[in-house]
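# Working through the structure, step by step
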Amino acid sequence: MGFKGFMGSKPRGNVHLALPLLMILAGLAGCSADQYFMVPKSNLETVNTSVQNQRATLVTMENNAKVRFEQAINDQTAFTETILQAISAQVKAPECPPVPKQQACPAATAAKAVASQLKGKLIVGEVEKFFLTAAETVYNARIDSGAETSSIDARNIVRFERDGSNWVRFDVPVPGSEGLLTLEKEVSRRVKILQSNVDDPERRVVVELQFVIGNHTQVAEFTLTDRSHLTHQVLIGRNVLRDVMLIDVGKEFATELPDTMINGNSGYRDAIRDTL
């Protein structure tokens, strides 16, 4: 039976009966719902006390852990220090070998060798005294940074073969006289020299010569060429100057050779050869 049948054939007249019935049902529903809202609540003061007690316990545990950690660190440091001291006591400190006494080079002890230096480089002027060891002769050498290779006055140049190698025999002038000294050297190489007043390049022989300027002894390459028409019998080029000498263009003879060279001591050549 539908709602309309339950209410009768005259619904408008039964409205007053349905309304009280709905109110009764709502009241019963409200009573059943109140059983969920009437659960007893815990005492908040007891809860707060419990929370504070737990917090105090955590702080105490944290402090105890910190103390134990610091104690462990201190124990570990002390243990490490003990091991290091034991190792230091057992390991013998290394001893450096004695420095051997160095023998003075004859060139360095030669009397009155004068040479100024700047940052380890010899300062030279435009003209310097040049001692040729092989001839035991002193020449005036022109210092020229524009020339790549040094050269020396050589006459009567003759090439020949010795033990399968190319050699050259040549004469060098004796300053202050008409005399010549004959030298023989192994050929290092040959170079082409192109001069402004000559169309064809000139082939020159290059040899290694030992020489001294001031207190500096060196072996370097020199081209052999006739310089009789020039003022200076020796030319010092960049192959000697590089990383060794600095030129003071306002000076001449900025260095002095040892007296033993100037006085022609024949034993000095062998002494300086041992220093190279």
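The model shown is predicted, which means the values in this text are computed figures rather than measured ones.

### Structural notes on the overall build of the protein
Broken down by element type, the protein carries seven helices and 12 strands. By residue count, 25% of the 276 residues in the protein fall in the buried class. A separation threshold of at least 6 residues defines the contact pool for the protein, and within that pool the share at least 24 residues apart is 57%. Counting every atom, the protein has about 19,800 Å² of accessible surface; 54% of that belongs to carbon and sulfur.

### Focus on unusual backbone geometry
Unlike most non-glycine residues, N156 shows phi in positive territory, near 50°. Relative to the helices and strands, N156 resides in strand β6 (residues 155-162). Its identity is not glycine, yet F253 carries a phi of approximately 55°, on the positive side. Mapped onto the secondary structure, F253 falls in the loop between β12 (245-247) and α6 (259-262). For F253, a relative accessible area of 36% corresponds to the partly exposed category.

### Some thoughts on the nonpolar core
Judged by nonpolar contacts, the single largest core of 29 residues is most densely connected at F130, L132, I213, F222, V234, I236 and M245. Broken down by element, the residue count for this core peaks at five residues, all from strand β9 (residues 202-213).

### Here we look at the packing of aromatic side chains
This model, assessed by the stated rule, comprises three aromatic pairs. Relative to F222, the ring of F130 has its centre 5.8 Å away and its plane inclined at 65°; by these criteria the two rings are edge-to-face. Here F130 is found in strand β3 (residues 127-132), whereas its partner F222 is found in strand β10 (residues 216-225), with 92 residues between them in sequence. Exposure remark for F130: the relative accessible area of 0% places this residue in the buried category. With a relative accessible area of 0%, F222 lands in the buried category. Measuring from centroid to centroid gives 5.7 Å for F211 and F222, while their planes differ by 80°, and the two rings are edge-to-face. Residue F211 is found in strand β9, and its partner F222 is found in strand β10; the two are separated by 11 residues along the sequence.

### A few points about the sheet that holds strand β2 (residues 121-124)
Read from one edge of the open sheet, three strands run β1-β2-β12, paired in mixed fashion. Each of the sheet's edge strands pairs with one partner strand only, and the pair in question is β1 (117-118) and β12. Note: β2 against β12, three bridges, orientation parallel. Among the inter-strand pairings, L122 is bridged to a residue of β12, identified as M245.

### Here's the deal with the pairing of β10
Within β10, eight of the 10 residues are buried, which leaves the element mostly enclosed by the surrounding structure. In this structure, strand β5 (residues 150-153) lies alongside β10, joined through four bridges in parallel fashion. Of the residues in β10, the one forming a bridge with S151 is T223. Between the end of β9 and the start of β10, which pair antiparallel, lie two residues, with G214 showing a positive phi angle near 60°.

### Here we look at the pattern of salt bridges
Opposite charge on two side chains permits them to pair, given that their charged atoms come into close proximity. Summed over the entire model, instances satisfying the criterion amount to 10 salt bridges. A salt bridge links E184 to R169; the shortest N-O distance between them is 2.7 Å. Within this pair, whereas E184 is found in strand β8 (residues 180-193), its partner R169 is found in strand β7 (residues 165-173), the two being separated by 15 residues in sequence. Connected through salt bridges with shared partners, the residues E148, R238 and R242 form a single ionic network.

### A short note on the confidence of the model for the protein
Here the protein shows a mean pLDDT of 78. Residues at 70 or above account for 68%. Contacts from residues 33-39, a stretch scored under 50 in pLDDT, to residues over four places away or in other chains number zero contacts. A low-confidence stretch, residues 266-276 stays under pLDDT 50, and its non-local contacts, those more than four residues away or across chains, total 26 contacts.

### Concerning the environment of V206
By the secondary structure assignment, V206 is in strand β9. In this structure the C-alpha to C-alpha distance between V206 and V168, which are 38 residues apart in sequence, comes to 9.4 Å.

What counts as what
- Residues numbered from 1 in each chain as written.
- Predicted model: local features only at pLDDT ≥ 70, side-chain atom pairs only at ≥ 80, totals over all residues.
- Heavy atoms only, no water.
- Helix = DSSP H or I, 4+ residues; strand = E, 2+ residues; numbered from the N terminus.
- Buried < 20%, exposed > 50% of the residue type's maximum accessible area, 1.4 Å probe, protein only.
- Contact = heavy atoms within 4.5 Å.
- Areas by Shrake-Rupley, 256 points an atom, 1.4 Å probe, with all protein chains shown as cover.
- Core = buried A, V, L, I, M, F, W, Y, C linked by side-chain atoms within 4.5 Å.
- Phe/Tyr/Trp six-rings, centres within 6.5 Å; stacked < 30°, edge-to-face > 60°.
- Pairing = 2+ DSSP bridges.
- Salt bridge = Lys/Arg side-chain N within 4 Å of Asp/Glu carboxyl O.
- pLDDT = per-residue confidence, 0-100.

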